[in-house]
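Remarks on the overall topology
Take a look at the letters that make up each chain.
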Amino acid sequence: MKTIAILGSTGSIGTQTLEVARANGDIRIAALAAGRNIKMLEQQIREFRPRIAAVWEEKDAKQLRIAVADLPVEILSGMDGLKAVAVCEESQILVTAIVGMIGILPTIEGIKAGKDIALANKETLVTAGHIIMPLAKKHHVQILPVDSEHSAIFQSLNGEEGKRIEKILLTASGGPFRGKTWDELQNVQLEDALKHPNWAMGQKITIDSASMVNKGLEVMEARWLFGTELDQIQVVIQPQSVIHSMVQFTDGAVIAQLGTPDMKLPIQYALYYPHRRFLAGERLDFAKLGRITFEDPDLDTFKGLAYAFEAAKMGGSMPTVFNAANERAVSKFLNRSIKFTEIYDIIRYCMDTHHVIENPDVQQILDTEQSVYELIEGRW
């Protein structure tokens, strides 16, 4: 029996994690945390019977306490609630599916408590990889990637003693705007950006995929997860989303992980690692697939990816600036208050005005995030 806790249980990754638990029958849910979707969280509590559940706002916690008063569950709120879920005594694995830099502190607490981390929160490594990876090593904790591309790399490295990586080939679908010019991006609408050709994801990550900022964040993550230099990571457009990523070794051999675009596969692999379990769903039919194609990314049009490489090279607090600027810009685009291409303008402006802090601690990371938000609100 596996016992897990989930940060972000009502989001895309969180709900699919619960689908995996439901399908297997030998995963117990010890604790759940969600944002504002109280109705769904109540349903999850009633089905999975966690000991602890947390929401961000205390007013929502009060409402939830009334709704589940007939169940033996402790309802908490705020950062203290997230931390309580992260360190829940019964759990062995903490699934960090929460969106945003709010996930950093609970992840750190989970690591200190000896929990293996099934990592789906990009911001944790993008902004604090220099803190997280040494801390995980110190506490003998595994960081198990849930992102499909990083899971593919992780799987491709299995059995490779020494892991002599020459290059990581990080694949991308290209999103809904693949092949469009800069001029064509000027007038795209929110509905267009939310139509990902292959994956079903949450709104924020879908917009990040459309702008290719998501791939830039994945580059930063991969650098920390697999201990490579930035120039060892190459982004390759693979429109069919069949090859989820590849590793090229020092002898020239390339090992890839292929599969249908189904997030339950990397989720289940992380939860049961190093074992594999049966997973229901569609299988690849190579005869019907016919071909797999590749392209170079268009860095002139999809500027977010180029900015990500720049931020990663500068290091220190600059990845935090990149991430925070994008997060707030995407929020504005989702609210229809800026154009799609202004996401890039906001990121560029924030990077240009920032003075890098070398090796920032957690408080400096969070302060940098807040200063970026204030800078954006003062201009847009």
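Below you will find a few notes about this structure. (Residues numbered from 1 in each chain as written. Predicted model: local features only at pLDDT ≥ 70, side-chain atom pairs only at ≥ 80, totals over all residues. Heavy atoms only, no water.)

**Topic: the overall build of the chain**
Counting secondary structure elements, the chain contains 17 helices and 11 strands. Against the 2.2 N^0.38 benchmark of 21 Å for 380 residues, the chain shows a C-alpha radius of gyration of 20 Å, consistent with a compact globule. The principal-axis extent of the C-alpha atoms belonging to the chain is close to 55 × 50 × 40 Å. Evaluated residue by residue, the chain yields a buried proportion of 56% over its 380 residues. Sequence separation of 24 or more characterises 68% of the internal contacts of the chain that already satisfy a separation of 6 or more. Summing over all exposed atoms, the chain offers an accessible surface of approximately 16,500 Å²; the carbon and sulfur share of this is 48%. Side chains of the chain carry 40 positive and 48 negative charges; the gap between the two charge centres is 4 Å. (Helix = DSSP H or I, 4+ residues; strand = E, 2+ residues; numbered from the N terminus. Rg over C-alpha atoms; globule rule 2.2 N^0.38 Å. Buried < 20%, exposed > 50% of the residue type's maximum accessible area, 1.4 Å probe, protein only. Contact = heavy atoms within 4.5 Å. Areas by Shrake-Rupley, 256 points an atom, 1.4 Å probe, with all protein chains shown as cover. Lys, Arg positive; Asp, Glu negative; His and termini not counted. Charge placed at Lys NZ, Arg CZ, Asp CG, Glu CD.)

**Description of the pattern of salt bridges**
Under the defined criterion, the tally for this structure stands at 21 salt bridges. When salt bridges that share partners are traced, they join K122, D147, E149, K215, E218 and E221 into one network. (Salt bridge = Lys/Arg side-chain N within 4 Å of Asp/Glu carboxyl O.)

**Examining the sheet that holds strand β10 (residues 243–249)**
The strand order β9-β8-β10-β11 describes an open sheet built from four strands, whose pairing is mixed. Bordering the open sheet on either side are β9 (233–237) and β11 (254–258), each of which pairs with just one other strand. The average undirected angle you get between the axes of adjacent strands in this sheet is 20°. Strands in contact with helix α7 (residues 148–156) are β8 (165–172), β10 and β11; relative to β10, the strand with the most contacts, it is inclined by about 40°. (Pairing = 2+ DSSP bridges. Axes fitted to C-alpha atoms, helices over the stretch in contact; angles between N-to-C directions.)

**Things to note about the side chain of Q268**
By the element assignment, Q268 lies in helix α12 (residues 264–272). In contact with Q268, not counting residues within four places along its chain, are V20, N24, R277, F278 and L279.

**Comments concerning the packing of aromatic side chains**
Applying the stated rule across the entire model yields eight aromatic pairs. Aromatic pair F154 and Y273: ring centres 4.9 Å apart, planes at 50°, arrangement tilted. In this pair, F154 is assigned in helix α7 and Y273 in the loop between α12 and α13 (286–289), connecting sequence segments 119 residues apart. Following the ring pairs from residue to residue traces out a cluster consisting of F177, W182, F333, F340 and Y344. Over the ring of Y307 we find R348; its NZ or CZ atom is 4.7 Å from the centre of that ring. In this structure, R379 packs its charged tip against the face of W380, placed 5.4 Å from the ring centre. (Phe/Tyr/Trp six-rings, centres within 6.5 Å; stacked < 30°, edge-to-face > 60°. Lys NZ or Arg CZ within 6 Å of the ring centre and 35° of its normal.)

**Topic: the packing of helix α2 (residues 38–48) against helix α3 (residues 58–67)**
Look at α2 against α3: their axes get within 10 Å of each other, and the N-to-C directions meet at 40°. When the interaxial angle is binned, α2 and α3 end up oblique. Relative to α3, the crossing made by α2 is right-handed. Between α2, through I38, L41, E42, I45 and R46, and α3, the contact on the second element is made entirely by D60, Q63, L64 and A67. Broken down by class, the residue content of the contact of α2 with α3 amounts to five nonpolar, one polar and three charged. (Parallel < 35°, antiparallel > 145°, perpendicular 65-115°, else oblique. Left-handed = near helix turned anticlockwise from the far one by under 90°. Nonpolar A, V, L, I, M, F, W, Y, C, P; charged D, E, K, R; others polar.)

**Here's the deal with unusual backbone geometry**
Cis rather than trans, the peptide bond between Y273 and P274 has omega equal to 10°. Of note in this structure, R49 is not a glycine but carries a positive phi near 50°. Relative to the helices and strands, R49 is located in the loop between α2 and β3 (52–55). You can call R49 exposed: its relative accessible area is 51%. Backbone geometry places N359, a non-glycine residue, at a positive phi of 45°. By the element assignment, N359 lies in the loop between α16 (342–353) and α17 (362–377).

**What to know about the packing of α16 against α17**
Their axes nearest at 11 Å, the elements α16 and α17 cross at an angle of 120°. Here α17 runs oblique to α16, going by the angle between their axes. As for the relative orientation of α16 and α17, their crossing is right-handed in sense. Across from I346, Y349, C350 and T353 in α16, the residues of α17 making contact are V372, L375 and I376. Here the contact of α16 with α17 is composed, by residue class, of six nonpolar, one polar and no charged.

**So, the nonpolar core**
In this structure, I29, I45, F226, L271, F322, F340 and I343 are the most contacted members of the largest nonpolar core, which totals 119 residues. Looking at this core, the element that brings in the most residues is helix α15 (residues 318–334), giving eight residues. (Core = buried A, V, L, I, M, F, W, Y, C linked by side-chain atoms within 4.5 Å.)

**With respect to the pairing of β3**
Every regular strand shows the same layout, with side chains that alternate between the two sheet faces. By the alternation rule, side chains of β3 split into I52 and A54 and A53 and V55, which are all buried. Across three bridges, the pairing between strand β2 (residues 27–33) and β3 is parallel. The partner of A31 across the bridge, within β3, is I52. Running through α2, the crossover from β2 to the neighbouring parallel element β3 is right-handed. When β3 meets strand β4 (residues 74–77), the two strands line up parallel, connected through four bridges. Residue pairing across strands places A54 opposite L76, the latter belonging to β4. At this point the chain moves from β3, through α3, to the parallel β4, and the crossover so formed is right-handed. (Right-handed = clockwise from strand over helix to strand, strands pointing away.)

These figures come from the coordinates and say nothing about function on their own.
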